[in-house]
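Notes for the structure review
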Amino acid sequence: MLTLACYVAGKPVTSSQTLAVKNPYDGSTVGEVLVASRGDTELAINAARGFHATPTRYQRSAILDAARQKLETRREEFARLITSESGLCLRETRYEVGRALDVLRFASIESLRDDGQSFACDVSPQGKARRIFTTREPLGCAACITPFNHPLNQVAHKIAPAIAAGTPVILKPSEKTPLTAIRFAELLYEAGLPGPMLSLLLGPVKDIAEPLVEDPHVELISFTGSVNVGKRIASHAGYKKVVLELGGNDPLIVLEDADLDLAVTLAAEGSYRNSGQRCTAVKRILVHEKIEVEFTRRLVEKTREYVCGNPADEATRVGTVIDEQAAIYLDTVVKEAVAAGARVLAGGDRRGALFPPTVITNVPRDCRMVDCESFGPLAPILTIRDLGDAIETANGTAFGLSSGIVTRSLESALRAVRELKCGTVNVNEVPGFRVENSPFGGIKDSGLGIKEGVIEAMKCFSYVKTFSLPW
Ligand code: NAP
């Protein structure tokens, strides 16, 4: 059995406490982790704060590039590890490793970029013969807390920009998928990352996550996860930077003039990829009433292509959700919707942690399945009268992460861009489309409008110092 340990400043912890990691598909034990203690949390914070030998830009770029090359040679090993601890199928986990390689590549490039600006000062009657310059300085210590749904990429999206910015970080990954995170940390140490620049801690929330959130020496909390935990962090963090990337309830709007084949493909990909466990998965399909019957018929047919089963089988396109409890929740919200008048046209039959791609029609707008975030491969179809109705419905939940609209009309697309209250609007694409260095993040309950993506995250992991000189 795989036994891994948490790390404090590059050194594995010794502990008698272990965390067992189970395969969600068959319940077998994938591995165990020697967990950290409250004392380790303090040691990690002190090690980060006491580290002043920040690598140069060139060295940071070289470390990130070496990590990318090492990951490239171990792509399949990482994909299989993610599959075994998350239940995501190999098609998805191979894709995820590809995304993490992009994150490392972009972070390596960005760490070389000159980030300074300069301002002439003889530009106003109050001015002088001086010049103002800016430079970005690393933070002393940042803490990152990540969710289970992309065990590698969520971690890469925090750690790589922090390294690129020169900021020491303490990572608290999800207890559901810790093995991938630990293997990734080890890979970074092997690539030359100085130990004090990264600690990785797992253990009870009161010993690890809460002290990290509350410690005044931690200058930034970068959190990705659920709304409840995010809001709790916001209320406990005190005087520090807080980045919150929270849940979503993203709509895909399909207008009367849509290319139906494209709309059906986007609906299926958006709803079912990553077992529907993406913050930007399509969680509501808002279809114009005039095309709803044909759209639904084609989506039911398309859904048959998404074979649900053993995540380690090459033919599988939808593995499990994260655990049986998560699948039971999906079952419950589907049954609630059916009791309120909805109809299940495909899927819906849970087996353990497997929940197959499920098409549900006649979904009332106020049922839990579409009002709250359903983290699984559900495709609920809601009927809309026109674009105005679609926008009002799309904006009608507490969330504001991303969105997609399928239309041939430029006018409709532009109106959607203007009026949808969310962080991203993708035209003729799924809400989840992005590249790893573009700005990404939501508003309302989905986040505070502070973006991530490699470039924006590097800004979070640093502060701007201004200096001026006679000129
Ligand atoms: P979660 O339950 O909020 O957990 C996320 C992380 O927070 C885990 O590491 C968890 O540790 C930790 N945590 C739990 N209680 C905490 C506390 N009191 N203080 C500090 N940290 C605490 O989320 P999840 O179920 O893993 O992930 C799914 C959610 O993430 C969904 O809502 C999804 O939409 C969201 N998400 C958002 C984005 C985005 O970019 N907006 C991206 C991906 C996912 P344990 O593992 O020990 O519980």
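**Thoughts on the pattern of salt bridges**
- On inspection of all chains with the given rule, the structure shows 39 salt bridges.
- With a closest N to O distance of 2.8 Å, arginine 94 and glutamate 76 form a salt bridge. Of this pair, arginine 94 sits in helix H4 (residues 90–110) while glutamate 76 sits in helix H3 (residues 75–86); the two residues are 18 residues apart in sequence, bridging distant segments of the chain.
- Take arginine 94: its relative accessible area is 28%, and that puts it in the partly exposed class.
- Here glutamate 76 falls in the partly exposed class, since its relative accessible area comes to 32%.

**Brief notes about the pairing of strand S9 (residues 169–172)**
- Neither face of S9 is exposed, since Val169 and Leu171 on one face and Ile170 and Lys172 on the opposite face are all buried.
- Note: strand S8 (residues 142–145) against S9, 4 bridges, orientation parallel. Among the inter-strand pairings, cysteine 144 is bridged to a residue of S9, identified as leucine 171.
- Handedness of the β-α-β unit built from S8, helix H5 (residues 153–165) and S9 comes out right-handed.
- Bridge count for S9 against strand S10 (residues 198–200) is 3 bridges, and the pairing is parallel. Each residue of the ladder has a partner; that of leucine 171, found in S10, is leucine 200.

**Structural notes on the site of the ligand**
- Taken together, 29 residues lie near the ligand, and Lys172, Glu175, Ser226, Leu246 and Glu373 sit nearest.
- Between the ligand and the protein, one listed contact pairs an oxygen atom with a side-chain N or O atom of serine 226 at 2.6 Å.
- Between a nitrogen atom of the ligand and a side-chain N or O atom of arginine 232, the distance comes to 3.4 Å.
- Relative to its free-state accessible area of 920 Å², the ligand is covered by the protein chains to the extent of 87%.

**A closer look at the packing of aromatic side chains**
- With the rule as written, the count across this model stands at 5 aromatic pairs.
- Seen in terms of ring centroids, tyrosine 7 and tyrosine 189 are 5.3 Å apart; in terms of plane orientation they differ by 55°. Their pairing is tilted. Here tyrosine 189 lies in helix H6 (residues 178–190) and tyrosine 7 lies in strand S2 (residues 7–8), a separation of 182 residues in the sequence.
- Look at tyrosine 189 and you get buried, because its relative accessible area is 15%.
- Measuring from centroid to centroid gives 5.9 Å for phenylalanine 148 and phenylalanine 375, while their planes differ by 85°, and the two rings are edge-to-face.

**Looking at the sheet that holds strand S22 (residues 462–470)**
- Pairing is antiparallel in the open sheet, where 3 strands are placed in the order S6-S7-S22. Both outer strands of the open sheet, strand S6 (118–120) and S22, are each paired with one neighbouring strand and no more. Each neighbouring strand pair of the sheet contributes to a mean axis angle of 20°, computed without reference to strand direction.
- Looking at chain direction, strand S7 (residues 130–138) and S22 are connected through 9 bridges and run antiparallel.

**Considerations on helix H13 (residues 387–394)**
- Most of H13 is tucked away: 6 of the 8 residues are buried.
- Where H13 is concerned, the buried positions are Leu387, Asp389, Ala390, Ile391, Thr393 and Ala394.
- Against the buried residues of H13 lie strand S13 (250–254), strand S14 (282–288), strand S17 (378–384), strand S19 (404–406) and helix H14 (410–419).

**Brief notes about a nonpolar patch on the surface**
- Where nonpolar side chains cluster on the molecular surface, the patch consists of Phe467, Leu469 and Trp471 and spans about 330 Å² of accessible area.
- Looking at where phenylalanine 467 falls in the secondary structure, it is placed in strand S22.

**Looking at the domain arrangement of the protein**
- Once the domains are mapped, the protein shows domain 1 (2–246 + 447–470) and domain 2 (250–435).
- Of note, the centres of domain 1 and domain 2, computed from C-alpha atoms alone, are 31 Å apart.
- Every contact between the two is made by 25 residues of domain 1 and, on the other side, 27 residues of domain 2.
- Summed over both partners, the interface of domain 1 with domain 2 comes to about 2200 Å²; 51% of that surface belongs to carbon and sulfur atoms.
- Applying the counting rule to domain 1 against domain 2 returns 4 salt bridges.

**Quick notes on the environment of glutamate 269**
- Tracing the backbone through its elements, the reader meets glutamate 269 in helix H9 (residues 260–272).
- The sequence separation of glutamate 269 and glycine 127 amounts to 142 residues, and the corresponding C-alpha distance is 56 Å.
- Leave out the neighbours within four places in its chain, and glutamate 269 touches Arg91, Tyr306 and Arg317.
- At a separation of 3.1 Å, a polar atom in the side chain of glutamate 269 contacts the side chain of arginine 273.

Rules and cut-offs
Residues numbered from 1 in each chain as written. Predicted model: local features only at pLDDT ≥ 70, side-chain atom pairs only at ≥ 80, totals over all residues. Heavy atoms only, no water. Salt bridge = Lys/Arg side-chain N within 4 Å of Asp/Glu carboxyl O. Helix = DSSP H or I, 4+ residues; strand = E, 2+ residues; numbered from the N terminus. Buried < 20%, exposed > 50% of the residue type's maximum accessible area, 1.4 Å probe, protein only. Pairing = 2+ DSSP bridges. Right-handed = clockwise from strand over helix to strand, strands pointing away. Near = heavy atom within 4 Å. Polar contact = N/O pair within 3.5 Å; in protein donor to acceptor, adjacent residues only side chain to side chain. Areas by Shrake-Rupley, 256 points an atom, 1.4 Å probe, with all protein chains shown as cover. Phe/Tyr/Trp six-rings, centres within 6.5 Å; stacked < 30°, edge-to-face > 60°. Axes fitted to C-alpha atoms, helices over the stretch in contact; angles between N-to-C directions. Contact = heavy atoms within 4.5 Å. Patch = residues over 30% accessible without salt bridge, like charges linked within 9 Å, V, L, I, M, F, W, Y side chains within 5 Å. Domains from an automatic or database assignment. Buried area = accessible area lost by both parts, 1.4 Å probe.

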